[in-house]
Amino acid sequence: MTRRDELAEALAAVEDRVARACAAAGRPREAVRLLAVTKTFPASDAALLADLGVRDVAENRDQEAGEKAAEVASLRPDSGLRWHMVGRLQRNKARSVVRWADEVQSVDSERLAGALAKAVRAARDAGERESALDVLIQVSLDDDPERGGCPLNELGRLAERITREGDLSLRGLMAVAPLGGDPAEAFERLARAGDSLRVDHPNAGEVSAGMSNDLEQAITHGSTCVRVGTALLGGRGLASP
Ligand SMILES: *Cc1c(COP(=O)(O)O)cnc(C)c1O
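Every value quoted in this text rests on a predicted model; they were computed, and no experiment measured them. (Residues numbered from 1 in each chain as written. Predicted model: local features only at pLDDT ≥ 70, side-chain atom pairs only at ≥ 80, totals over all residues. Heavy atoms only, no water.)

## Examining unusual backbone geometry
Backbone geometry at T40 places phi at a positive 70°, although glycine is not the residue there. Along the chain, T40 turns up in the loop between strand 1 (33–37) and helix 2 (43–51). On the basis of relative accessibility, which here comes to 37%, the residue T40 falls in the partly exposed class. (Helix = DSSP H or I, 4+ residues; strand = E, 2+ residues; numbered from the N terminus. Buried < 20%, exposed > 50% of the residue type's maximum accessible area, 1.4 Å probe, protein only.)

## A closer look at the site of the ligand
Residues in close proximity to the ligand include V37, K39, V86, M211, S212, R227, V228, G229, T230 and R236, which together make up its full environment. A total of 390 Å² of accessible area belongs to the ligand in isolation, and the protein chains cover 89% of it. Along the lines of polarity and charge, the residues of the shell around the ligand split into 4 nonpolar, 3 polar and 3 charged. (Near = heavy atom within 4 Å. Areas by Shrake-Rupley, 256 points an atom, 1.4 Å probe, with all protein chains shown as cover. Nonpolar A, V, L, I, M, F, W, Y, C, P; charged D, E, K, R; others polar.)

## Describing helix 5 (residues 110–125)
Taking 1.5 Å of rise per residue, the 16 residues of helix 5 would be expected to cover 22 Å, and the 23 Å separating its terminal C-alpha atoms lies within 8% of that figure. Turning to helix 5, its buried residues number three or more, namely L112, A113, G114, A115, L116, A117, A119, V120 and A123. The inward-facing, buried residues of helix 5 contact helix 4 (94–100), strand 4 (103–107), strand 5 (133–138), helix 6 (155–164) and strand 6 (168–174). Positive phi appears at G127, one or two residues downstream of helix 5, with a value of about 75°. (Expected span 1.5 Å × (residues − 1). Contact = heavy atoms within 4.5 Å.)

## Regarding the pattern of salt bridges
Applying the stated criterion to the full structure yields 24 salt bridges. R20 serves as the salt-bridge partner of D16, at 2.8 Å between the closest nitrogen and oxygen. Of the two residues, D16 and R20 both sit in helix 1 (residues 3–25), 4 residues apart, roughly one turn of that helix. Residue D16 is classed as partly exposed on the basis of its relative accessible area, which comes to 37%. Taken together, the shared-partner salt bridges in this structure form one network comprising E110, R121, R124, R157, R161, E165 and D167. (Salt bridge = Lys/Arg side-chain N within 4 Å of Asp/Glu carboxyl O.)

Below you can see the structure in the form of structure tokens.
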């Protein structure tokens, strides 16, 4: 089997899971976007996924992603892929990330938001990008500072800060289910946080939740964006979380 056939088969299986979960939840299939998490996999895989109709890819490390996005741009100049940053991000990487990312899903502090806004302005001045940066606030559902995310009680303040920065566009929330806990309960809390966010930020409708192992539960609880790595591309091995 060629790699293209392998990816086509995996993509069909994931599509089927997403479609079934949407149907079971009484939601239209178009309500949920599929993000292919290509971290640790080569640019050629991202190019093949684009050939197969995937429109959104996600990465969790700036350097790897920047190189991969450039390579895909030369392999498939017309792929139209949108690149999403979903990993923890240090402020000193902001200037680099805004060169390749269309959206950063892992904004979890006012300082990071400020650094990204400044980086977008610098990139615009340098002619490296035209558009504002779409951002999601990564929410902490387990209060574990090691795993990143904004505590729920600080969400409103961070959202205000992002909105004040003209070069950032607040699109919604992202979260990773807590280790060990019940993902359904966590996704439900995330959905309620999204509901209250939209009272003041009606355009922040995105809820990015669900990965290879829990995408059905996430869709049941209102996810609009599932981030799927392993089920599409295969295992990443122990060295790369
Ligand atoms: C790696 C990663 C994923 C994909 O996880 P899989 O279990 O391989 O589907 C999703 N979200 C984030 C933030 C990730 O780092």
